[in-house]
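Structural overview for review
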Amino acid sequence: MDLAKEFLSLKRKLFDKLYDDLNSKQREAVYSVNGPLLILAGAGSGKTTVLVRRIAHIIRYGDAYNSSYVPDWINEAVLEEMKKAADYSKDDLAAYLIRFAVDRAPAWSVLGITFTNKAAGEIKARISEIFGEVSEEVSEITTGTFHSVCCRFLRMYGDKIGYDKNFSICDTSDSKSLITDCMNRLNIDEKNLSVKSVQSIISRAKDKLQTPDDLLSEAGQDIKIKKVAEVYSLYQSRLEAQNLLDFDDIIMQTVRLLTEHEEVREKLQSKYRYISVDEYQDTNYAQLKLTLLLSGKYRNIMVVGDDDQSIYKFRGAVIENILNFDKNYSDTKIIRLEENYRSTQTILNAANGVISNNKGRLGKTLWTQSEKGELISIKKLPDQVAEGKYICRVISDTSVKEDLSFRNFAVLYRMNAQSRAIEQALAKSAIPYRVLGGLRFFDRMEVKDIVSYLNIINNPVDDVRLKRIVNTPRRGIGAKSFDVASTLAAAEGYSVLELMRNAKKYPAISAVAAKAMQDFCYLIDSLKEYSYSHTTAETIAKVIDATGYGEMVADIPERTEREERSSNLEELINTAGQYDEDAEDPTLSEFLEEVALVSDVDKYDESADAVVLMTIHSAKGLEFPVVFLPGMEEGVFPGYQTIMNPEEIEEERRLAYVAITRAKKRVYITHVGSRMMNGKTQMNPISRFAEEIPAELTERTEDEQYGAFTRNRAAFVSTGRSIVNPSSSYTRSSVYSPFSSHTKSAKTTPQASEKLDIGDNVIHSMFGKGVVLSAKEMGGDILYEVVFEEHGLKKLMGTYAKLKKVN
DNA sequence: AGCTAAAATGTTTTT
DNA sequence: CATTTTAGCT
């Protein structure tokens, strides 16, 4: 009796001891294993840690902490031993406590949904770390984004709702071209109804799980929506006929699968006993429905989120999902994590100052034990060029003065277009940098083309991809012939490729074109055959060769373009080779899925020593010691489209909150007097979000280049900080750059293909001076990424590029 | 069919 | 302004 009581108390103390690096709220979250759990986690409050530790806890100890079960082998001796265990090392204690485990969950019963694929990988890596080895078990945990997890389900059971296992995913631009096609077929004039808006209305409808009929009935008298519903209906039937899913379908069709097929739902509900969802504030209705379905049996669902960081409304995210979580799940336990471990007090107070202007928040007060830190620097510059130079100068100054490597700096902006001016400045001052976003690797034309071939090999009814590459390189199947073929195909109920195989039967197709079509089919046949017995990388190489695409690229007259494209194709083969190596059971189909679902941040490599540039959206979940926020102007951030709409302004403000809270030590806000946008010069006032930061937390200066003045809004700024020092080193930002010490002594070491290391300074005959950013082994050669002073980031092959090392 | 040159057009954020 | 679409020519 007393024995039992003492045992339970000792047991809990030992667990508290095991997790003594967490705060009490975090521990409570880890222990809350069963039942619905909502964690309201402020920025930098260690939510990922909690997520990871909780999953590890569930697998290792189950509900051991809360359970009042007393094993019959408990006696005085055991209690004595337990008292001693308090002094064990963490590892020993962790191992010791396993004997008290109650109702442990097998790793395969855990599902963790994250916002990026990268985060999914990190969760597994961190759990492996906790378990002390890369165990077989950890790999059985299912982690991924909503999209990747749903794809997995659809590959398994998609046939039940009419999808072949080899379905392909079409991205936004593929789906745009299909919608355009549908609108043409329905004789809808693009002038009255833009493809873009149709696409977005359809997408939002799918986020809400609306079918074309649902949309139509919702339309009422709205002619525009009625038209869209008509397009949606055709678009959807064509997607289905081609075994294609767009991004929204991946979720929506999974929900349909789980709704319509009880046996599948039952199977998955029973399998996933423990479900966690990260970044819950950015889920849409379809995703909410999905989590409700999956967690329907056990109701062991934990969601983590922060209503102040909801920034994906444009993608259908509904903040109500997190606000009303406890209404969807009765007896929800709510835990708030409000202690911030990331930022200085100044940064935190600045962020709080901004976000407090929003209404309708759940409300929370972030606090930190860390020091005050430095003031937020707000600087006005004449234009974007000066803005870029200024950022470079601060980076080079700070990196030297404080011995900070470049990876500690991030430049976060509202839109991708802002990156250009900053990139140029960085390239000039030879600061190594990396740009995430903008044109994704897989969105490059040549990469998309080859991937389209692969998609056709994998899923021959994919007419969208077929249209894209049927005449690239030219093979005499022009737009007109293809049009005729697809009209015939639609009439006869074939896929276009099938029809092309028998093109000669149709008099409407010219004999020349028919011959070319048949040859094309044979080409695809042979590639398909080849793919059965070869790796993905080999297949890609074969595609590039056999289709004549490689030759076409080799014949590009302009040198830079030719090199750029061929190096992209090499990189594609390289990526596939990596995939072949890493994947358990590599298949073309799975490779294509990965290609479709990777995001930019997934490829962000923290180990590369380079300044990183990305949008604030991409930076969600990341942190950096020093953060630059350029373009803090009305009309840029908040964007001019949002200024009239209070709701959208609130979303922009949340974005500003996310931006500021990325920083650990310092924030540099810049705004410019005149900015070139869309060919026009604009004079934007400083962003309201910068003004909302309490004045005493800021240090405001204006660059003196065009005369002007310096003013301190903060009356009592302690002086002495010299990072912002307008006149001295302004013109030459490369003073502290990696090149500076080499520019005078230009003694080069002429060696054809010596091995280069990361950080080496090199000279290229074409591009001039640069720094090696990364080196990757690739088919007996080495692929270097080099940032050049004048030309920015280039990818070069070791043997081919004739890079000379400079000392 | 395919090329070139002129015209139109669009501009947030992303899986 | 920078990309994409179209018209007109070969």
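Everything in this summary refers to the structure shown in the same document. (Residues numbered from 1 in each chain as written. Chains lettered and ligands numbered in written order. Predicted model: local features only at pLDDT ≥ 70, side-chain atom pairs only at ≥ 80, totals over all residues. Heavy atoms only, no water.)

1. Brief notes about the state of the cysteines
- All told, the structure shown has zero disulfides when counted by the stated rule.
- In this structure Cys170 is not part of a disulfide, and its nearest cysteine sulfur, from Cys182, lies 11 Å away.
- Looking at Cys170, the relative accessible area reads 1%, which means it is buried. (Disulfide = S-S within 2.5 Å. Buried < 20%, exposed > 50% of the residue type's maximum accessible area, 1.4 Å probe, protein only.)

2. Considerations on the environment of Ala690
- Turning to its location among the elements, Ala690 is positioned in helix H31 (residues 688–691).
- Taking the C-alpha atoms as reference points, Ala690 and Tyr61, 629 residues apart in sequence, are found 48 Å from one another.
- Contacts of Ala690, omitting those with residues within four sequence positions, involve Ile378 and Ile669. (Helix = DSSP H or I, 4+ residues; strand = E, 2+ residues; numbered from the N terminus. Contact = heavy atoms within 4.5 Å.)

3. Structural notes on the sheet that holds strand S6 (residues 274–277)
- Here we have six strands laid out as an open sheet, ordered S3-S2-S6-S7-S1-S8, and parallel in their pairing. Because the sheet does not close on itself, it has two edges, and the strands there are strand S3 (142–144) and strand S8 (333–337). Neighbour to neighbour, the strand axes of the sheet diverge by 10° on average, direction disregarded.
- Relative to strand S7 (residues 301–305), S6 runs parallel, the two sharing three bridges. Residue Ser276 lies in a different strand from S7, and its bridge partner there is Met302. (Pairing = 2+ DSSP bridges. Axes fitted to C-alpha atoms, helices over the stretch in contact; angles between N-to-C directions.)

4. Concerning the packing of helix H17 (residues 345–355) against helix H30 (residues 646–661)
- It is at 9 Å that the axes of H17 and H30 come closest, and there the two elements cross at 180°. One finds that H17 runs roughly antiparallel with respect to H30. Residues Ile347, Ala351, Asn352, Val354 and Ile355 of H17 form the contact with H30, whose own contacting residues are Arg653, Arg654, Ala656, Tyr657, Ile660 and Thr661.
- For the contact of H17 with H30, the residue count by class is seven nonpolar, two polar and two charged. (Parallel < 35°, antiparallel > 145°, perpendicular 65-115°, else oblique. Nonpolar A, V, L, I, M, F, W, Y, C, P; charged D, E, K, R; others polar.)

5. Description of the sheet that holds strand S10 (residues 409–413)
- Taken in spatial order, the seven strands line up as S11-S12-S10-S13-S14-S9-S17 in an open sheet, and their pairing is parallel. The open sheet terminates on both sides in strands that have one partner only, identified here as strand S11 (433–435) and strand S17 (698–702). On average, each strand axis in the sheet is tilted by 20° relative to the strand beside it, whichever way the strands run.
- Across four bridges, S10 lies against strand S12 (residues 611–615) in parallel orientation. Opposite Leu412, over in S12, you have Met614 as the bridge partner.
- Against the sheet, helix H18 (residues 384–401) engages strand S9 (376–381), S10, S12, strand S13 (624–629) and strand S14 (663–672), with an angle of about 155° to S14.

6. Quick look at unusual backbone geometry
- The omega torsion across Thr472 and Pro473 is -5°, close enough to zero to call that bond cis.
- Note that Pro473 resides in the loop between helix H21 (463–469) and helix H22 (479–492).
- Cis geometry is adopted by the peptide bond preceding Pro638, which originates at Phe637 and carries an omega value of 5°.
- Note that Pro638 resides in the loop between S13 and H30.
- Look at Asp403: it is not a glycine, yet its phi comes out positive at around 50°.
- Among the secondary structure elements, Asp403 is positioned in the loop between H18 and S10.

7. Looking at the pattern of salt bridges
- A complete count under the given rule lists 49 salt bridges for this structure.
- One salt bridge in this structure joins Glu647 and Lys313, with 2.7 Å as the shortest N-O distance. Taken as a pair, Glu647 in helix H30 and Lys313 in the loop between S7 and helix H15 (320–323) lie far apart in primary sequence, 334 residues in all.
- Overall, the relative accessible area of 53% leaves Glu647 in the exposed class.
- Overall, the relative accessible area of 37% leaves Lys313 in the partly exposed class.
- Notably, a salt bridge pairs Lys515 with Asp519, separated by 2.8 Å at the nearest N-O pair. With Lys515 and Asp519 both in helix H24 (residues 511–532) and four residues apart, this pair spans about one turn of that helix.
- Connected via shared salt-bridge partners are Lys47, Asp278, Glu279, Asp282 and Lys620. (Salt bridge = Lys/Arg side-chain N within 4 Å of Asp/Glu carboxyl O.)

8. Looking at the packing of aromatic side chains
- The final tally for this structure, using the stated rule, is 19 aromatic pairs.
- A centroid spacing of 5.1 Å and a plane angle of 75° characterise the contact between Phe441 and Phe442, whose relative ring orientation is edge-to-face.
- Since its relative accessible area comes to 7%, Phe441 is described here as buried.
- Among the aromatic residues, those joined into a ring-pair cluster are Phe7, Trp73, Tyr88, Tyr96 and Phe100.
- Against the face of Tyr298 rests Arg273, its NZ or CZ located 5.6 Å from the ring centre.
- Stacked on the ring of Phe115, the Lys or Arg Lys620 has its end atom at 4.1 Å from the ring centre. (Phe/Tyr/Trp six-rings, centres within 6.5 Å; stacked < 30°, edge-to-face > 60°. Lys NZ or Arg CZ within 6 Å of the ring centre and 35° of its normal.)

9. Notes on the protein's contact with DNA strand B
- Inspection of the region around DNA strand B gives 23 residues, with Arg414, Asn471, Arg474, Gly478 and Ser599 positioned closest.
- Per the 4 Å cut-off to the protein, sugar and phosphate atoms form 56% of the nearby atoms of DNA strand B.
- In the model, a phosphate oxygen of DNA strand B is placed 3.3 Å from a nitrogen or oxygen of the Ser599 side chain.
- Contact between DNA strand B and Ser618: a phosphate oxygen at 3.2 Å from a side-chain N or O atom of the residue.
- Here the residues of the surface near DNA strand B sort into five nonpolar, 13 polar and five charged. (Near = heavy atom within 4 Å. Polar contact = N/O pair within 3.5 Å; in protein donor to acceptor, adjacent residues only side chain to side chain.)

10. Some words on the environment of Val318
- If you trace the backbone, Val318 turns up in the loop between S7 and H15.
- The contacts of Val318, once residues within four sequence positions are left out, are Gln281, Thr283, Asn284 and Tyr285.

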